[in-house]
Amino acid sequence: MTAANEVTVSKILSYQLLIIIITTAGFAILGGWPKALSPALGGAAAFIPNLYFALRVRRAAGQEPKKIVRSFYAGESGKLLLTAALFILIFQIPNIEILPLLAGYVSALSAFWFALIMR
């Protein structure tokens, strides 16, 4: 992975954290901290798998192309499984609200669009 790519990945992850914080704070202001748990967990369900993927691909940097491609596929598979596992765990928590949870998840994923626009 080149230095420019690492900066881009770091920016995207930073934007994700910022968006998660803003979304969570918005729900906290409107409904109190108990209402902010759902969007925070939704944001975490987007952020943690993306962080896993970024770290997995970063480890493959500098290797032969075949290993890099395998790392991408393994990283993406792991990301999908991790996302599913996180949502399964989140739905075990009492009083989770679906719409704020999804708002946190989708807002965190929107960081990719903002990163492309700001590039």
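Everything discussed here concerns the structure shown above.
A.B. asks: An account of the pattern of salt bridges is requested, with residue identities and associated values reported.
C.D. replies: If you walk through the whole model with that rule in mind, you get one salt bridge. Residue Lys35 pairs with Glu97 through a salt bridge whose shortest N-O separation is 2.7 Å. Residue Lys35 is located in helix 2 (residues 33-59), and its partner Glu97 is located in the loop between helix 3 (65-90) and helix 4 (98-109); the two are separated by 62 residues in the primary sequence. Using a relative accessible area of 37% as the deciding quantity, one classes Lys35 as partly exposed.

A.B. asks: Let's hear about a nonpolar patch on the surface: which residues, and what values?
C.D. replies: Judged by side-chain polarity, Phe91, Ile98, Leu99 and Leu102 come together as a nonpolar surface patch covering roughly 410 Å² of accessible area. By the secondary structure assignment, Phe91 is in the loop between helix 3 and helix 4. Assessed through its relative accessible area of 46%, Phe91 is described here as partly exposed.

A.B. asks: Describe the side chain of Thr83, naming the residues involved and giving the relevant values.
C.D. replies: If you trace the backbone, Thr83 turns up in helix 3. Of note is the side chain of Thr83, whose polar atom sits 2.8 Å from the backbone oxygen of Lys79.

A.B. asks: Tell me about the packing of aromatic side chains, and please be specific about residues and values.
C.D. replies: Applying the stated rule across the entire model yields three aromatic pairs. Relative to Phe72, the ring of Phe53 has its centre 5.7 Å away and its plane inclined at 80°; by these criteria the two rings are edge-to-face. Taken together, the residues Phe53 in helix 2 and Phe72 in helix 3 connect sequence positions 19 residues apart. Phe53 sits in the buried class, given a relative accessible area of 18%. On the basis of relative accessibility, which here comes to 40%, the residue Phe72 falls in the partly exposed class.

Calculation notes
- Residue positions are counted from 1 within each chain, in the order its sequence is given.
- Residues qualify for local features only when their pLDDT is at least 70, as the model is predicted, and side-chain atom pairs are given and counted only at 80 or more; totals for whole chains, interfaces and linings, by contrast, use all residues.
- With hydrogens and water set aside, each side-chain value is computed from the structure's full complement of heavy atoms.
- Every case where a carboxyl oxygen of Asp or Glu lies within 4 Å of a side-chain nitrogen of Lys or Arg is listed as a salt bridge.
- Starting at the N terminus, helices and strands are each numbered in turn, a helix being any DSSP run of H or I of at least four residues and a strand any DSSP run of E of at least two.
- When a residue's accessible area, from a 1.4 Å probe over protein chains only, is under 20% of the maximum for its type it is buried; when over 50% it is exposed; and in between it is partly exposed.
- Two joining distances apply to patches: 9 Å for like charges and 5 Å for nonpolar side chains (Val, Leu, Ile, Met, Phe, Trp, Tyr), and every residue must have over 30% relative accessible area and no salt bridge.
- Here the Shrake-Rupley method, with its probe set to 1.4 Å, supplies the accessible areas, and only the displayed protein chains count as covering residues.
- Two N or O atoms count as a polar contact when they lie within 3.5 Å, although within protein this holds only if one can serve as hydrogen donor and the other as acceptor, and sequence-adjacent residues are included solely when both atoms are side-chain atoms.
- In this analysis, rings of Phe, Tyr and Trp, with Trp reduced to its six-membered ring, are considered paired at centre separations within 6.5 Å, and the interplanar angle assigns stacked below 30 degrees, edge-to-face beyond 60, and tilted for intermediate values.

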